[in-house]
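Examining the three-dimensional arrangement
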There are 2 protein chains.
Amino acid sequence: MPAVTPDQYPQFMRVSAHEQALKSLSEGGIPIGAAIVHLPTGDVLARGHNQRVQMGSNIRHGETDALENLGRVPEGLLRECAMVTTLSPCFMCSGTCLLYKIPLIILGENDNFVGGEDLVRSHGVEVVNLKDEAVTKMMTDWIASPNGQKIWNEDIGEVTVKA
Amino acid sequence: MPAVTPDQYPQFMRVSAHEQALKSLSEGGIPIGAAIVHLPTGDVLARGHNQRVQMGSNIRHGETDALENLGRVPEGLLRECAMVTTLSPCFMCSGTCLLYKIPLIILGENDNFVGGEDLVRSHGVEVVNLKDEAVTKMMTDWIASPNGQKIWNEDIGEVTVKA
């Protein structure tokens, strides 16, 4: 099936997921972006980014925002797609990939967060970590920014430890 | 913590999740509804229903729609809440409950679909199946209705088997 080859993964990360993360950052939001790439054609079908700050959303992470922007599609289409995301997908987004039987997740990094990688792998999903330095630094810097850790904790269901 | 007691679960199902499912059905949508109940107070904080047909949504299932309707809340609040849902939660919604560390899922039935119950239980979430006959019949009848099976398959990532 795949016309897309692994040497193209970094380009998809750069021009779709990373770009969306930077867009979110420029809006004052959490810098996580994602894109849905149709593997037989290489078409980027949809892109999205975290919308917690911008839309007050609990469910629009990068991956789910891309899926929402995609809209309804012919059945089985997502089985031919990769989810490209700047960060290791949380349990919600991992479960979403399982729901739609997305066979490949390409992630920018998992230094800043490790989500449901083991879960999706246990269901046969291929996970490729690009260990992208620019993407990693973007997220690390944002978490260290004023209020970054607090908003980040909210996004991943954690509670800020009181000093 | 819980002021809510198990004898109240059927009432929460009836006046929140089931009611939302019937609302969705009346709109021509998939009849799955959910509610988020604050366990220490018994307050219904938010309600929602599947929005695939109404909004063309891939990510607004009953549970996630309720979460989106809830909006941003103080950190840790969802750790004190139950997710009340008419149907066994799919992997997306199960993962969402894990993300926000929701400790209790009250479901109406799992005769029509079994989602990520084992997954959430393996993370310590309590799952209570009310085996609600009215809720079960509502879903069974809808799936058997014209186009029901096809839209349902789309909602759970399945592919309609060609006759």
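Preceding this section is the structure that the text describes.
Below is a summary of the structure that appears in this document. Since we're looking at a predicted model, the values are computed, not measured.

Turning our attention to the environment of Glu 27 of chain B. All names here are of chain B. Following the sequence through the fold, Glu 27 ends up in the loop between helix 1 (9–26) and strand 1 (33–38). Glu 27 sits in the partly exposed class, given a relative accessible area of 39%. Residues Glu 27 and Gln 54, 27 residues apart in the sequence, show an inter-C-alpha distance of 7.3 Å. Other than its neighbours up to four places away in sequence, Glu 27 contacts His 49 and Gln 54. A polar contact is formed between the side chain of Glu 27 and the side chain of Lys 23, at a distance of 2.9 Å.

Moving on to the nonpolar core. Membership of the largest hydrophobic core comes to 70 residues, with the highest contact counts inside it found for Ile 36 and Trp 152 of chain A together with Ile 36 and Trp 152 of chain B. Excluding anything up to four places from it in sequence, Trp 152 of chain B contacts Ile 30, Ile 32, Leu 87, Asn 112, Phe 113, Met 139, Trp 142 and Ile 143 of chain B. Of all hydrophobic cores here, the second largest spans 16 residues; its members include Tyr 9, Ala 17, Ala 21 and Leu 39 of chain B.

This next bit is on the relation of the copies chain A and chain B. Laying chain A over chain B is done by rotating through 180° and shifting 0.0 Å along the axis; what remains is an RMSD of 0.0 Å. Within this description, the copies of the chain are treated as partners about a two-fold rotation axis. Taken as a fraction of all interface residues of chain A, those also at the interface in chain B reach 100%, which identifies the copy contact as same-surface.

Residue and element names in this part refer to chain A. Across the sheet, which stays open at both edges, the five strands sit in the order 2-1-3-4-5 with mixed pairing between neighbours. Looking at the sheet topology across the chains shown, the edges are occupied by strand 2 (43–49) and strand 5 (126–129). Across the sheet, the mean angle from the axis of one strand to that of its neighbour is 20°, orientation sign disregarded. In this sheet, strand 5 lies alongside strand 4 (residues 104–109) in parallel orientation, the contact comprising four bridges. Paired with Ile 106 across the two strands is Val 128, which belongs to strand 5. Packing against the sheet, helix 1 (residues 9–26) makes contact with strand 1 (33–38), strand 2, strand 3 (81–87), strand 4 and strand 5, and its axis sits at approximately 30° to strand 2. Running at roughly 65° to strand 4, helix 6 (residues 133–144) makes contact with strand 3 and strand 4 of the sheet.

What counts as what
Residues numbered from 1 in each chain as written. Chains lettered and ligands numbered in written order. Predicted model: local features only at pLDDT ≥ 70, side-chain atom pairs only at ≥ 80, totals over all residues. Heavy atoms only, no water. Helix = DSSP H or I, 4+ residues; strand = E, 2+ residues; numbered from the N terminus. Buried < 20%, exposed > 50% of the residue type's maximum accessible area, 1.4 Å probe, protein only. Contact = heavy atoms within 4.5 Å. Polar contact = N/O pair within 3.5 Å; in protein donor to acceptor, adjacent residues only side chain to side chain. Core = buried A, V, L, I, M, F, W, Y, C linked by side-chain atoms within 4.5 Å. Least-squares fit on C-alpha atoms with pLDDT ≥ 70 in both. Pairing = 2+ DSSP bridges. Axes fitted to C-alpha atoms, helices over the stretch in contact; angles between N-to-C directions.

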